[in-house]
Amino acid sequence: MFIWRRLKPVINKKNHMSIISDNLSDLDKAIEHFQEDIAVLKTGRANPAILDNIRVDAYGVLTPLNQLSSISVPEARSIIIQPWDKNVIKAMEKAVREAGLDLGIANEGDRIRITVPQMTEESRREIVKLLGQKEEQARIAVRNIREDIKEKILAAEKNKEFGEDEKFSLVEELDKTVSDYNNKIKEISQAKEQEIMTV
């Protein structure tokens with residue numbers, strides 16, 4: 001989870017910084033969503049997160065795979081799914097196959113072994129391209145939140161809660177904050193790209 005720094009008040013008369021700080025959770029959620037979104041991208045190495053979106057039809061209910069089993073990574077390109085109840089192993093296997101993740105799947109009776117295939121240079125570049133699209137979506141989400149916060153600042157000034165100078169101070173602080181979030185998105189994206197391109 002992305003933990004944000006504590007904002008320092010810049011207005012002495014009344015702390016209007018809360019207009020920004022009260023909305024930081026929305027920016028944090030945008031970062032968290034981006035991290036979850038790219039966690040499922042394949043890297044050529046075994047990563048349990050690629051199974052996070054899989055739902056299994058177990059006991060008549062669609063249940064997340066990771067709530068029905070323990071998932072471990074014994075080797076660099078292998079994942080073991082150990083069901084709590086062996087009666088649902090076939091349903092698990094079916095769910096993983098239908099997820100379209102291009103994985104090797106072997107039902108070993110009491111567990112499922114997943115093999116992550118070796119990625120080609122071309123497939124790595126395709127995934128990096130997809131990563132770039134997801135990064136842009138995250139930036140758009142942050143930009144939209146910025147616009148919402150700015151509208152609140154402008155509305156507060158219009159309602160005479162503070163003057164024009166304070167409005168400019170708030171907008172400046174907002175832009176600094178948004179810049180920090182965009183830098184965080186960039187750092188996360190670069191780290192993921194390196195992971196994808198590492199053979």
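Up top you'll find the structure we're talking about.
Residues numbered from 1 in each chain as written. Predicted model: local features only at pLDDT ≥ 70, side-chain atom pairs only at ≥ 80, totals over all residues. Heavy atoms only, no water.

The subject of this paragraph is the nonpolar core. Ile19, Ile20, Val142, Ile149, Ile153 and Leu170 are the most contacted members of the largest nonpolar core, which totals 29 residues. When contributions to this core are tallied by element, the ones reaching two or more residues are α1 (18-21), α2 (24-39), α4 (121-158) and α5 (164-197). It is α4 that contributes the most residues to this core, 9 residues altogether. If sequence neighbours within four positions are ignored, isoleucine 19 has contacts with Ile149, Lys152, Ile153, Ala156, Phe162 and Leu170. Judged by nonpolar contacts, the second largest core, of 20 residues, contains Ala46, Ile50, Leu51 and Leu68. (Core = buried A, V, L, I, M, F, W, Y, C linked by side-chain atoms within 4.5 Å. Buried < 20%, exposed > 50% of the residue type's maximum accessible area, 1.4 Å probe, protein only. Helix = DSSP H or I, 4+ residues; strand = E, 2+ residues; numbered from the N terminus. Contact = heavy atoms within 4.5 Å.)

With that settled, the discussion passes to the packing of α2 against α4. When two helices pack together, their arrangement is given by the angle between the helix axes and by the axis-to-axis distance. Relative to each other, α2 and α4 sit at 170 degrees, their axes nearing to 9 Å. Taken together, α2 and α4 sit at an angle that is classed as roughly antiparallel. For the pair α2 and α4, the contacting residues are Asp26, Leu27, Ala30, Phe34, Asp37 and Ile38 in the first and Leu131, Lys134, Glu135, Gln137, Ala138, Ala141, Val142 and Ile145 in the second. Grouping the constituent residues of the contact of α2 with α4 by class yields 9 nonpolar, 1 polar and 4 charged. (Axes fitted to C-alpha atoms, helices over the stretch in contact; angles between N-to-C directions. Parallel < 35°, antiparallel > 145°, perpendicular 65-115°, else oblique. Nonpolar A, V, L, I, M, F, W, Y, C, P; charged D, E, K, R; others polar.)

Another aspect to go through is α4. Look at α4: 55 Å from first C-alpha to last across 38 residues, which is about the 56 Å you get at 1.5 Å a residue. With its phi angle positive at about 65 degrees, lysine 160 sits one or two positions after the end of α4. (Expected span 1.5 Å × (residues − 1).)

Regular strands show a simple pattern: their side chains alternate between the two faces of the sheet. Taken together, the 4 bridges between strand β1 (residues 55-58) and strand β2 (residues 61-64) define a ladder with antiparallel strand orientation. By the bridge assignment, arginine 55 is partnered in β2 with proline 64. Hairpin connection from β1 to β2: 2 residues lie between these consecutive antiparallel strands, with tyrosine 59 at a positive phi of about 55 degrees. (Pairing = 2+ DSSP bridges.)

In this structure, serine 78 sits in strand β4 (residues 78-83). Look at serine 78 and you get buried, because its relative accessible area is 7%. Engagement of the side chain of serine 78 in a polar contact is seen with the side chain of glutamate 75, the distance being 3.2 Å. What serine 78 contacts, discounting residues up to four positions off in sequence, is Ala46, Ser72, Val73, Arg113 and Ile114. (Polar contact = N/O pair within 3.5 Å; in protein donor to acceptor, adjacent residues only side chain to side chain.)

This part takes up the pattern of salt bridges. By the definition in use, this model includes 13 salt bridges. In this structure, aspartate 37 and lysine 134 form a salt bridge, with 3.3 Å as the shortest nitrogen-oxygen distance. On the criterion of sequence distance, the pair formed by aspartate 37 in helix α2 and lysine 134 in helix α4 is long-range, its members being 97 residues apart. Among the residues examined, aspartate 37 registers a relative accessible area of 21% and is labelled partly exposed. Classification of lysine 134 as buried rests on a relative accessible area of 16%. (Salt bridge = Lys/Arg side-chain N within 4 Å of Asp/Glu carboxyl O.)

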